[in-house]
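Here is how the chains run, residue by residue.
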Amino acid sequence: MSIRNLHYAIEPKSVAILGASNRAGSLGRVVLENVLAAEFAGAIWPINPKHDKVAGVRCYRRVADIPGVPDLAIVVTPAKTVPAIIHELGVKGTRAAVVITAGLNADQSLKQAMLDAAKPFLLRIIGPNTVGLIVPSAKLNASFAHLHAQPGGIALLSQSGAIATSLIDWAADNNVGFSKIVSLGDMADADAGDFLDLLAGDPETHAIVMYLEAISNPRKFLSAARAAARVKPVVAIKAGRHAEAAKAAATHTGALSGADRVVDAALRRAGILRIDGLGELFDATETIARFHPLERSRVLIVTNGGGAGVLAVDSLIDFGCELAGLSLETIRALDRILPANWSRANPVDVIGDAPPERYKTTVEIVAQDPGVDILIIMNCPTGLASPVDAARAVASLARSGTISGKPVLTCWLGGRTARVGRDVLQQAGLASYDTPSDVALAASYLARWSKAQQALVRVPPSQDDEMPCNRGLVQLIFQKVAAEGRRMLNEPEAKAVIAAYGIPVPQTMIATSPKEAEAIAGALLASAPRLVVKLISKSITHKSDVGGVVLDILTPVAAREAAEAIAARLKAHDPTAAIDGFAVQPMIERKHAWELLLGLTRDPIFGPVVLFGSGGVSVEVVADTAVSLPPLDAVLAGDLIDQTRIGKLLAGFRDEPPADRAAICKALAALSQMIVDFPCVLSMDINPLVASAEGVIALDARIEIDPQALAHLGPNRDLAIRPYPSDWQKQVTLAERIYHLRPIRPADAALYPVFLAKTSQADIRFRFLSSRKHFQDQMLVRLTQVDYEREMAFVAIDRQSGELAGIARIYADPDHEAAEYGLLVRTDQQGRGLGWALLSQLRNYAAADGLQRLEGLVLSDNAKMLRMCREFGFAISPHPADSTLRIATLPLQPRAGAS
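Let me sum up the structure you'll find in this document. Everything quoted here is computed from the prediction, not taken from an experiment.

What counts, and where the lines are drawn
Residues numbered from 1 in each chain as written. Predicted model: local features only at pLDDT ≥ 70, side-chain atom pairs only at ≥ 80, totals over all residues. Heavy atoms only, no water. Helix = DSSP H or I, 4+ residues; strand = E, 2+ residues; numbered from the N terminus. Rg over C-alpha atoms; globule rule 2.2 N^0.38 Å. Contact = heavy atoms within 4.5 Å. Areas by Shrake-Rupley, 256 points an atom, 1.4 Å probe, with all protein chains shown as cover. Lys, Arg positive; Asp, Glu negative; His and termini not counted. Charge placed at Lys NZ, Arg CZ, Asp CG, Glu CD. Salt bridge = Lys/Arg side-chain N within 4 Å of Asp/Glu carboxyl O. Buried < 20%, exposed > 50% of the residue type's maximum accessible area, 1.4 Å probe, protein only. Pairing = 2+ DSSP bridges. Axes fitted to C-alpha atoms, helices over the stretch in contact; angles between N-to-C directions. Polar contact = N/O pair within 3.5 Å; in protein donor to acceptor, adjacent residues only side chain to side chain. Parallel < 35°, antiparallel > 145°, perpendicular 65-115°, else oblique. Nonpolar A, V, L, I, M, F, W, Y, C, P; charged D, E, K, R; others polar. Core = buried A, V, L, I, M, F, W, Y, C linked by side-chain atoms within 4.5 Å.

**Digging into the overall build of the protein chain**
Along the protein chain, the regular secondary structure elements total 29 helices and 39 strands. Computed over its C-alpha atoms, the radius of gyration of the protein chain comes to 32 Å, within 12% of the 29 Å expected for a compact globule of 899 residues. On the principal axes, the C-alpha backbone points of the protein chain span a range of 100 × 75 × 70 Å. If you take every contact in the protein chain between residues at least 6 apart in sequence, the share linking residues at least 24 apart comes to 71%. About 36700 Å² of surface is accessible on the protein chain, with carbon and sulfur atoms providing 52% of the total. Between the averaged position of the 92 positive side-chain charges in the protein chain and that of its 94 negative side-chain charges there is a distance of 4 Å.

Right, dumping it as structure tokens:
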């Protein structure tokens, strides 16, 4: 639904407990005792018709008898009573309820009755079947957990009550505090996406951890997760990693896209660090909360014990980390200060007798190496040097957990002596771990989270100018297939479709008989030394399964014989199978080439998925594939390639030259664009796509469509991540000057410096409501990388100069009712009507996207903006809390267009 009214749950001033009881050990008794023991400061109203007092507190018979309106209700009554109680609470004015009661999911009519009772009052329900809700800072423990939680900066969302209480127990023993603990239960109403939205803006929450078993409403979940992960670390455990994949599929791709791999891809794309075990949850959160994301994650180890360094390297490799190399300059600098027998490699072994100054100087030198991104500093206790003094030397270099701006992870091995050293390091703000494996795992958290954050900020362009694309031809092919009552395209049709998106295919000619195959072969052999003959049959999905492919054909007669043999084998395999023809094409032979698989399929939760991996007839046996959510760009496509084993081979080795990576990425981006353009595509695989240094070429392709979906025009609404809205661009001519108005792209960050330099400080103050002289690169990245599910920015590009002339932006609230807008036109471009044009485009988009109103804050001395707002139709009102501000509000009328 949204975050509407959920603030009553986490900031209540009064609480009602429905089903409070005097019976020892009952759920109603435990919940009330927890509320009382936490010393909640607001009004507490037990409700139970059987009691006058419960736990010494006055008890009321009915909701209507309460002397006030409870902000939050906690329901622990029998399942059959819940709908009526929710209605009573709604009538009373309550707007949030935690339904601890179990059993409503077993009776769908009962659950629906509960939701129907809540809907007229916009009463939000957490649960049912939940442990409850804990807000330590508010001294609220509305749960039946066995312990109270101490205050802290971590929010916990859990779909399992048992996991939530176990983590509370673990946290109590490890001095970990919480901002909020929400046991989500069955998520009949409020779900993980709603609370991610709520916690993203919660000042008490500095990091979010989640235990997930299911993801409802994936588009909402990913949009909320991406919004939260942009501003604070989000760590998740998703259970069910080894659930069986679907057994029936029309293509190889459908058989290989296991659901858990899609979840993994989705969380990574949302900027979330996924971990496997509960024991890692808080360690991972603490680690990544210390640092900013890294562009690369090359790890260097400094140690006084070679064995410890080797163990750390083993673990780093196990966890998929990249080791840093030492530059010649760094080696020469270390040669001057280290003993002659130092390692001269990573790990940097400073030798067991290393005094504090040697540690300090070594760390200073390696931290300056541009090829080092993460430092692991280790110490093993010896009788030759003090571990505590070494810790003090390293701590003296630390600034906010970093040295020279680079993340530092420390590992002081041992017990009694090492413990003192670890205390010194931790007091200096440095992360400290007990074992080589622990510190390597921490480095992997930082590396994987940084990679996820990079994926988070990617905004792939739609309809890239450099991507050849003939959508009209593809539409005609799909319409022909649908008109014939088919779902599967034959090979020539499938190849024509992918060729229309710029993926190279060999020349293919169709023969309706073996005799015609002979004639076609005669023509093709004039320019090709060898040919291939393939079966075309609507009855057969995989031609190789029935001997439907014959290679190395040298003569026209051999082509005819190959076609006859294919026909005979098909008849023996299935006498009822029909032959639609034979494809005759040149046999592609490339040295140092690799067979790849590219595919599209549909996940039942996250919708369309792109697949990449090792191809050929043994694709299922080799099982070297990876998946990603569209839309993709070249960077995301490269990440997908790097997740596979064959990706390493494609980079080249020994006498094998590297394959054309750019061409592979382009092919993946083409598939991504196709699923954006055509929601009717159900599945596809290109197998093999032959890749070499010469480029790529698709030798075979299969596509399945849903004929019913052909009627849908426009971007694919089934995508879990909303694509670039390329249809919202146009040209306008103002004062004899042409401007291109389009949605913002990440590359537009490069246009900002000139734009800001030509914008007066007064105009910048009017836009940002305060003076700003400097805009950090990170802020420019954030301004140009948007999630189109909830925000939009239109830029105006001066076609004459190519410079940014103006920008208009909206950010919708999580309820998707209102959006805050901002507008800035470069000072020297004002007076031409550009602001009006941008605001009109913004209004039209917002209305088409279903928003009900635009709102903006305008400085009271910004006379030009206030005048334009009034002329545009905005209502202007004073800000209730700031006399220097005005609120501009524009109601919107529904329009068609956005998706």
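More follows now that the structure is in view.
**Comments concerning the pattern of salt bridges**
One pass over the full model with this rule turns up 48 salt bridges. In this structure, Asp65 and Arg62 form a salt bridge, with 3.1 Å as the shortest nitrogen-oxygen distance. On the basis of relative accessibility, which here comes to 32%, the residue Asp65 falls in the partly exposed class. Notably, a salt bridge pairs Asp335 with Arg344, separated by 2.5 Å at the nearest N-O pair. Assessed through its relative accessible area of 33%, Asp335 is described here as partly exposed. Shared partners join several salt bridges into a network, and the residues in it are Arg124, Asp189, Asp191, Asp194 and Lys220.

**Points about the side chain of Ser450**
Tracing the sequence through the fold places Ser450 in helix H16 (residues 436-456). Among all residues touching Ser450, those that are not within four sequence positions of it are Pro293, Leu294 and Ser297.

**Quick word on the sheet that holds strand E23 (residues 531-536)**
With antiparallel pairing, the four strands of this open sheet are ordered in space as E22-E25-E23-E24. At either end of the open sheet lies a strand with only one pairing partner, and these are strand E22 (509-511) and strand E24 (549-553). Across this sheet, the average inter-strand angle for adjacent strands is 25 degrees, counted without regard to direction. Strand direction decides the pairing type here: E22 and strand E25 (residues 581-586), joined by three bridges, are antiparallel. What sits directly across from Met509, in E25, is Val584.

**Topic: the environment of Gln830**
Inspection of the secondary structure puts Gln830 in the loop between strand E36 (818-825) and helix H28 (834-848). Residue Gln830 is classed as partly exposed on the basis of its relative accessible area, which comes to 27%. Taking the C-alpha atoms as reference points, Gln830 and Gly806, 24 residues apart in sequence, are found 9.1 Å from one another. Beyond its immediate stretch of four places on either side in the chain, Gln830 contacts Asp763, Val825 and Lys864. At 2.7 Å, the side chain of Gln830 forms a polar contact with the side chain of Lys864.

**What about the sheet that holds strand E34 (residues 791-798)?**
Read across the open sheet, the eight strands follow the order E32-E33-E34-E35-E36-E37-E39-E38; overall the sheet is mixed. At either margin of the open sheet sits one strand with a lone partner, and together these are strand E32 (730-734) and strand E38 (875-878). Averaged over all adjacent pairs, the angle separating strand axes in this sheet is 25 degrees, with direction ignored. Relative to strand E35 (residues 804-812), E34 runs antiparallel, the two being bridged by seven bridges. Bridging from a neighbouring strand, Ala793 pairs with Arg809 of E35. Packing against the sheet, H28 makes contact with E32, strand E33 (737-743), E34, E35, E36, strand E37 (853-859) and strand E39 (885-891), and its axis sits at approximately 30 degrees to E35.

**Points about the packing of helix H3 (residues 82-92) against helix H4 (residues 108-118)**
Look at H3 against H4: their axes get within 8 Å of each other, and the N-to-C directions meet at 5 degrees. The angle between H3 and H4 falls in the class roughly parallel. Across the interface between the two elements, Val82, Pro83, Ile86 and His87 from H3 touch Leu110, Ala113, Met114, Ala117 and Ala118 from H4. Its residues placed into classes, the contact of H3 with H4 shows eight nonpolar, one polar and no charged.

**Focus on the nonpolar core**
Counting residues in each nonpolar core, the largest one holds 65 residues, and the members touching the most others are Leu196, Met210 and Phe221. Leave out the neighbours within four places in its chain, and Phe221 touches Ala192, Gly193, Leu196, Met210, Leu212, Ile215, Ser216 and Leu267. Of all hydrophobic cores here, the second largest spans 55 residues; its members include Val459, Leu756, Phe775 and Val825.

**Observations concerning the pairing of strand E27 (residues 607-614)**
Within E27, eight of the eight residues are buried, which leaves it mostly tucked inside the rest of the structure. Two strands pair when backbone bridges link them, and strand E26 (residues 594-603) and E27 are joined in this way by eight bridges, in the antiparallel orientation. Bridging across to E27, Leu596 finds its partner in Ser614. Count of turn residues in the E26/E27 antiparallel hairpin: three residues. Sheet topology places E27 next to strand E28 (residues 625-628); four bridges connect them, and they run antiparallel. For Phe612, the partnering residue across the bridge sits in E28 and is Ala626.

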